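Coordinates in review
What follows is the residue order along each chain.
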Amino acid sequence: MMRGMGYLLGGAAALALISSLSLATPGFRDLNHNGQRDPYEDQQLPIDRRLDDLLGRMTLEEKVGTMMHGSLRAMDSPIGASSKGYDLAAAEHIIKETGVNSFITRLTMPAAEFARQNNAIQKIAEGSRLGIPVTISSDPRSHFMTVVGASSSSGSFSIWPETLGLAAINDPSLVRRFGDIVRQEYRAVGIHMALSPQADLATEPRWARAVGTFGSDPETVSTLAGAYIQGFQGGAKGLTPGGVATVVKHWVGYGAEPEGFDAHNYYGRIAKLDNASFALHVAAFKGAFAAGSAGVMPTYPILEGVSVNGQPLPPVAAGYSKPLLTDLLRGTYGYRGVIISDWAITKDCPVECIAPSAEKPQTSAAIAMPWGVEELSQVQRFAKGVEAGLDQFGGVDDPTALLAAVHEGRISEARIDESVRRILWLKFELGLFDDPYVDPDRANIVVGDQKFQAEADAAQRRSQVLLENRGNLLPLKPSKVWLHRVDAAVVRAAGFTVVDDPAQADVAIVRTQTPSEKLHPHHFFGARQHEGRLDFRDGDADYEVIKKAASTVPTIVVVDMDRPAILTNIKDKARALLVAFGASDKAVMDIVTGRARAEGRLPFELPSSMMAVEKQNPALPDDSNQPLYARGAGIGPSR
């Protein structure tokens with residue numbers, strides 16, 4: 001617990017010296033600056049009593065501000081992806097003038113400085129009229145892949161396999177431990193909410209977001225998503241004071257995107273299912289509900305072909321669908337937590353969003369996903385979202401339109417109170433009203449703790465899947481090796497001699513990844529996501545390397561898999577074939593040399609051809625014709 005600090009956040013005048021963050025008498029922080037201990041400031045009282053008192057003091061403007069979940073801007077980035085720190089002047093304006101008190105952070109910086117930056121945000125919030133603390137959220141930042149809008153750079157946090165890798169291990173206790181470690185790291189720097197896990201089913205092989213899932217099997221996804229939530233939230237049945245609130249996503253059917261085109265993009269705004277396949281996607285969320293996930297995030301696309309309670313879903317995205325949110329989620333499944341929209345669903349989608357070009361590409365300013373409600377006004381969109389069941393709007397820091405919806409009689413203040421109560425309850429449960437500050441020195445100790453990273457490294461090793469080992473090539477003994485996309489220093493440290501020509505080698509080790517295409521280079525997300533084909537073809541740089549090496553020397557091929565690669569052209573060329581779902585070169589070499597065993601099993605099937613991929617049903621798991629490897633394939637210890 002911090003008693004004070006002095007540090008300089010350089011830059012403009014707004015980034016001034018914050019001389020101290022003094023804590024008040026235990027049980028009392030004078031948040032509204034009136035010199036009295038009011039009920040909402042008294043940590044000895046039950047949360048419901050404190051909530052009732054606080055809600056009674058809030059203006060309508062402060063309530064609708066609480067229903068926004070903005071993005072903390074950085075000094076050099078409007079979306080906050082930076083290592084230079086927050087734009088504190090902008091943050092102060094938003095927090096104090098609009099009442100917004102929930103934000104995503106995308107900063108990447110050393111832990112102690114990250115903690116100081118988040119403390120600075122809390123200090124601003126402490127100076128607001130009621131002193132309501134800020135809930136700071138994050139996309140996943142504990143893995144290898146980084147894609148804006150889906151994940152952040154790991155920075156100094158422990159680095160684990162992708163969630164696909166955790167699914168390959170399929171050990172709920174390990175997933176729970178992963179969540180517990182990341183929980184400690186997040187809270188050490190002042191992050192309170194994880195915008196994860198993905199309980200989506202990876203049913204369409206070409207889908208760009210498969211890497212963030214637990215694979216294609218509903219039962220596995222349900223179990224592991226539940227374990228993830230238990231680890232993050234610090235308990236088996238819901239959020240605890242030392243936990244990190246999870247927001248399970250994306251409710252529901254996100255993985256059923258035709259051709260794998262993602263709904264962050266205009267061209268991917270439709271998902272197609274039927275009631276039978278939809279039931280599989282719903283089943284994947286049951287473990288998250290049982291674990292008491294604090295939040296749920298609806299999916300972007302419009303779901304076609306689905307009925308709820310005998311009625312076809314309206315042609316709008318899930319965030320605007322009352323049957324999906326109120327009838328199914330809250331009604332059938334009894335969900336009582338916060339429903340937070342995905343980012344930018346209330347924004348207008350301009351020409352640069354619909355059909356960008358080389359001359360006018362889609363920039364971050366033109367990101368919008370108002371699928372199915374494009375013709376509605378901003379005020380109508382906010383009203384429709386609340387009516388559908390939303391509590392909070394992601395990526396929004398201007399409550400003006402929601403306020404207008406109340407003033408126009410589209411939404412009652414009583415309905416606003418329902419959502420605000422849910423949002424504030426999380427803040428009370430997390431202890432933020434009593435002490436939102438963190439200790440930068442302790443953050444430096446906790447984040448990236450070598451013991452934590454040792455556990456992450458072990459998971460990287462376990463998660464690898466050995467598909468072929470012809471002639472028992474592995475484990476490999478020290479010899480002369482030729483390398484492609486593998487760090488020579490790591491291989492030398494394992495006792496090998498690295499040569500420059502395959503003809504001089506005893507063996508080759510080639511690292512590659514699932515093939516992809518850049519089919520939409522002018523779309524903001526399309527340009528960053530892996531789309532298109534999954535097979536290796538003549539002319540592909542890595543495939544040419546594999547052919548050359550395999551024609552000369554026994555070759556070990558390691559495929560980094562964010563989507564299910566087609567390995568038909570690789571299988572006959574690789575003496576040993578290894579799949580990695582987020583593993584360092586060191587972790588890979590530990591498997592190659594036998595220092596550790598690959599324990600993973602494929603979390604989805606690997607199709608045999610693109611023709612089979614094109615003929616499969618995007619909404620059904622593992623349904624391609626004659627897959628090359630079935631889900632669950634792998635050479636390793638029996639389970």
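Refer to the structure printed above.
Residues numbered from 1 in each chain as written. Predicted model: local features only at pLDDT ≥ 70, side-chain atom pairs only at ≥ 80, totals over all residues. Heavy atoms only, no water.

What follows concerns the nonpolar core. Trp251, Leu324, Leu402, Leu467 and Leu567 are the most contacted members of the largest nonpolar core, which has 178 residues in total. Residue contributions to this core peak at eight residues, all from helix 6 (residues 172-189). Discounting chain neighbours no more than four positions away, the residues touching Leu567 are Leu467, Phe536, Val559, Met561, Leu577, Leu606, Leu628 and Tyr629. Of all hydrophobic cores here, the second largest spans 24 residues; its members include Val481, Ala576, Ala583 and Val588. (Core = buried A, V, L, I, M, F, W, Y, C linked by side-chain atoms within 4.5 Å. Buried < 20%, exposed > 50% of the residue type's maximum accessible area, 1.4 Å probe, protein only. Helix = DSSP H or I, 4+ residues; strand = E, 2+ residues; numbered from the N terminus. Contact = heavy atoms within 4.5 Å.)

This part is about the side chain of Glu605. Checked against the element boundaries, Glu605 lands in the loop between helix 20 (585-592) and helix 21 (610-615). Lacking a salt bridge, the buried Glu605 has Arg631 as its closest oppositely charged neighbour, with an N-O distance of 7.8 Å. Among the polar contacts listed, one links the side chain of Glu605 to the backbone nitrogen of Asp623, at a separation of 3.5 Å. Here Ser624 takes part through its side chain, which lies 2.5 Å from a polar atom of the side chain of Glu605. Setting aside its immediate chain neighbours within four residues, Glu605 contacts Pro564, Asp622, Asp623, Ser624, Pro627, Tyr629, Ala630 and Arg631. (Lys, Arg positive; Asp, Glu negative; His and termini not counted. Salt bridge = Lys/Arg side-chain N within 4 Å of Asp/Glu carboxyl O. Polar contact = N/O pair within 3.5 Å; in protein donor to acceptor, adjacent residues only side chain to side chain.)

As a further point, take the side chain of Arg141. For Arg141, the location among the structural elements is in the loop between strand 5 (135-138) and helix 5 (163-169). Buried within the structure, Arg141 lacks any salt-bridge partner; its nearest side chain of opposite charge belongs to Asp139, at an N-O separation of 8.0 Å. A polar atom in the side chain of Arg141 sits 3.3 Å from the backbone oxygen of Thr105. Among the polar contacts made by the side chain of Arg141, one reaches the side chain of Ser138 at a distance of 2.8 Å.

Glancing now at the sheet that holds strand 16 (residues 480-484). Pairing in this open sheet of six strands is mixed, and the strands run 15-20-19-18-16-17 from one edge to the other. Each of the sheet's edge strands pairs with one partner strand only, and the pair in question is strand 15 (465-469) and strand 17 (497-499). When strand polarity is set aside, the average angle formed by the axes of neighbouring strands in this sheet is 25°. Sheet topology places strand 18 (residues 507-513) next to strand 19 (residues 555-560); six bridges connect them, and they run parallel. Residue Thr512 lies in a different strand from strand 19, and its bridge partner there is Val559. Contacting strand 16, strand 18 and strand 19, helix 18 (residues 541-550) crosses the sheet at an angle of about 165° to strand 18. (Pairing = 2+ DSSP bridges. Axes fitted to C-alpha atoms, helices over the stretch in contact; angles between N-to-C directions.)

So, on to unusual backbone geometry. Across the chain, the bulk of peptide bonds are trans and the bulk of non-glycine residues have phi less than zero. Cis peptide bonds are those with omega within 30 degrees of zero, and the linkage from Ser196 to Pro197 qualifies with 10°. If you trace the backbone, Pro197 turns up in the loop between strand 6 (193-194) and helix 7 (218-233). A positive phi is found at His33, a non-glycine position, where the angle reads about 60°. Along the chain, His33 turns up in the loop between strand 2 (17-18) and helix 1 (47-57). Although it is not a glycine, Asn472 sits at a positive phi angle of roughly 50°. Relative to the assigned elements, Asn472 resides in the loop between strand 15 and strand 16. Take Asn472: its relative accessible area is 62%, and that puts it in the exposed class.

A side chain of one charge can pair with a side chain of the opposite charge when the charged atoms of the two come close. Summed over all chains, the structure comprises 38 salt bridges. Its salt-bridge partner being Asp139, residue Lys249 comes within 3.7 Å of it at the nearest N-O pair. Of this pair, Lys249 sits in strand 7 (residues 245-251) while Asp139 sits in the loop between strand 5 and helix 5, and the two are 110 residues apart along the sequence. Both residues of the pair, Lys249 and Asp139, belong to the buried class. Linking Asp171 and Arg462 is a salt bridge whose minimum nitrogen-to-oxygen distance equals 3.5 Å. Within this pair, whereas Asp171 is found in the loop between helix 5 and helix 6, its partner Arg462 is found in helix 16 (residues 450-463), the two being separated by 291 residues in sequence.

Let's shift gears to the environment of Val64. Structurally, Val64 is set in helix 2 (residues 60-66). Residue classification places Val64 among the buried positions, given a relative accessible area of 1%. Measuring from C-alpha to C-alpha, the distance between Val64 and Asp398 comes to 9.4 Å, with 334 residues separating the pair along the chain. In this structure, Val64 is in contact with Pro399, Leu402, Leu403, Val406 and Ile416, ignoring residues within four places of it in sequence.

A full pass over the atoms with the stated rule returns one disulfide. Note on cysteine connectivity: Cys349 is disulfide-linked to Cys353, with sulfurs 1.9 Å apart. Note on the Cys349 and Cys353 pair: the S-S dihedral is about -90°, so by sign convention the disulfide is left-handed. Assessed through its relative accessible area of 15%, Cys349 is described here as buried. For Cys353, a relative accessible area of 1% gives the class buried. (Disulfide = S-S within 2.5 Å.)

Now for the packing of aromatic side chains. Evaluated as defined, the whole model comprises 23 aromatic pairs. Between the aromatic rings of Trp251 and Tyr333, the centroid separation amounts to 6.2 Å while the plane-to-plane angle is 80°, which identifies the pairing as edge-to-face. Of the two residues, Trp251 is situated in strand 7 and Tyr333 in the loop between helix 10 (322-332) and strand 13 (338-339); the sequence distance between them amounts to 82 residues. Since its relative accessible area comes to 0%, Trp251 is described here as buried. By the ring-pair criterion, three or more aromatic residues cluster together here, those being Phe114, Phe157, Trp160, Phe178, Tyr186, Phe214, Tyr228 and Phe232. Across the ring face of Tyr266, the terminal group of Arg269 is positioned such that the distance to the ring centre comes to 3.9 Å. Over the ring of Phe524 we find Arg528, and its NZ or CZ is 3.8 Å from the ring centre. (Phe/Tyr/Trp six-rings, centres within 6.5 Å; stacked < 30°, edge-to-face > 60°. Lys NZ or Arg CZ within 6 Å of the ring centre and 35° of its normal.)

This next bit is on the pairing of strand 18. Burial of strand 18 is extensive: six of the seven residues sit out of reach of the surface. Taken together, the four bridges between strand 16 and strand 18 define a ladder with parallel strand orientation. Paired with Val481 across the bridge in strand 18 is Val507.

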